[in-house]
Amino acid sequence: MEEIDRRIVTLLAKDGRMSFTDLAKETGLSVSAVHQRVRRLEKRGVIHGYRALVNYDEIGLPLTAFVSIKPNDTAAPDDAPERLSHLSAIEACHSVAGEESYILKVRVASPLALEELLQQIRASANVSTRTTVVLSTPYDYRSPGTHADVEDGDAER
């Protein structure tokens, strides 16, 4: 990938609503050249969407946890992601190397809601769980590239 395309991706990762005019100013390209490059990056799947960054405390989901799961029966099919896809509290599912098979990022309203979700996860996928509750998040949603230039305020969006 060309350096200018990397710069565009980095800028859009920081602010997905950045205008083509602002992207042009930041990259030194014309607005039409930036527009063409962004569309090409979208077509190639380098950029595959745009989304709002949500303040989960404000929408009633202040508790974030990482739930590591491993199958109770290692001979059973590896279909935990499919078995858990109906649980909307699971924000992300990562296949991992190590003792566990997957790590789930979950967001819930309370410790009681987390306990109920863990019961649903165990029952739905026939797995054992190990849970780590997040106390705080110093930064998240970091853009690709060098991270030394993270500005104050980038962490909380």
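The following refers to the structure shown. (Residues numbered from 1 in each chain as written. Predicted model: local features only at pLDDT ≥ 70, side-chain atom pairs only at ≥ 80, totals over all residues. Heavy atoms only, no water.)

### Remarks on the overall build of the protein chain
Reasoning step 1: Within the protein chain one finds five helices and four strands.
Reasoning step 2: In the protein chain, the succession of α and β elements from N to C terminus is α-α-α-β-α-β-β-α-β.
Reasoning step 3: On C-alpha atoms alone, the protein chain measures out to a radius of gyration of 20 Å, which is more than a quarter above the 15 Å that the 2.2 N^0.38 rule sets for 157 residues.
Reasoning step 4: Taken along the three principal axes of its C-alpha coordinates, the protein chain extends 55 × 35 × 25 Å.
Reasoning step 5: Among the 157 residues that make up the protein chain, the fraction classed as buried is 27%.
Reasoning step 6: Partitioning the contacts of the protein chain with sequence separation of at least 6, the portion at a separation of at least 24 is 61%. (Helix = DSSP H or I, 4+ residues; strand = E, 2+ residues; numbered from the N terminus. Rg over C-alpha atoms; globule rule 2.2 N^0.38 Å. Buried < 20%, exposed > 50% of the residue type's maximum accessible area, 1.4 Å probe, protein only. Contact = heavy atoms within 4.5 Å.)

### A few points about the side chain of Thr10
Reasoning step 1: As for its placement among the helices and strands, Thr10 is situated in helix α1 (residues 3–14).
Reasoning step 2: Among all residues touching Thr10, those that are not within four sequence positions of it are Ser143 and Pro144.

### Some words on the packing of α1 against helix α3 (residues 31–43)
Reasoning step 1: The geometry of α1 relative to α3 is characterised by a closest axis approach of 11 Å and an angle of 80° between their N-to-C directions. When the axis of α1 is compared with that of α3, the two are roughly perpendicular. Of the residues in α3, those touching α1 at Ile4, Asp5, Ile8, Val9 and Leu12 are Arg37, Val38, Arg40 and Leu41.
Reasoning step 2: Looking at side-chain class alone, the contact of α1 with α3 contains six nonpolar, no polar and three charged residues. (Axes fitted to C-alpha atoms, helices over the stretch in contact; angles between N-to-C directions. Parallel < 35°, antiparallel > 145°, perpendicular 65-115°, else oblique. Nonpolar A, V, L, I, M, F, W, Y, C, P; charged D, E, K, R; others polar.)

### What to know about helix α5 (residues 111–125)
Reasoning step 1: For α5, which comprises 15 residues, the first-to-last C-alpha distance of 21 Å matches the rise-based estimate of 21 Å (1.5 Å per residue) to within 8%.
Reasoning step 2: Taken residue by residue, α5 has Leu114, Leu117, Leu118, Ile121 and Ala125 as its buried positions. Within α5, the buried residues cover an arc of 105° as seen down the axis, which keeps them to one side. Away from the buried face of α5 by more than 90 degrees, exposed residues Leu112 and Ala123 are located. (Expected span 1.5 Å × (residues − 1). Arc of directions from axis to C-beta.)

### Structural notes on the packing of helix α2 (residues 20–27) against α3
Angle between the axes and distance between the axes: these two values describe a pair of packed helices.
Reasoning step 1: Where α2 contacts α3, the two axes come as close as 8 Å, and the packing angle between them is 100°. When the axes of α2 and α3 are compared, the pair comes out roughly perpendicular. Side by side, α2 and α3 meet where Phe20, Thr21, Leu23, Ala24 and Thr27 of the first sit next to Val31, Val34, His35, Val38 and Arg39 of the second.

### So, α2
Reasoning step 1: Burial in α2 covers these residues: Leu23, Ala24 and Thr27. End-on, the buried residues of α2 take up no more than an arc of 100°, which puts them together on one face.
Reasoning step 2: If you follow the buried residues of α2, they end up packed against α1 and α3.
Reasoning step 3: Just past α2, the residue Gly28 takes up positive phi, approximately 80°.

Purely geometric numbers; function is a separate question.
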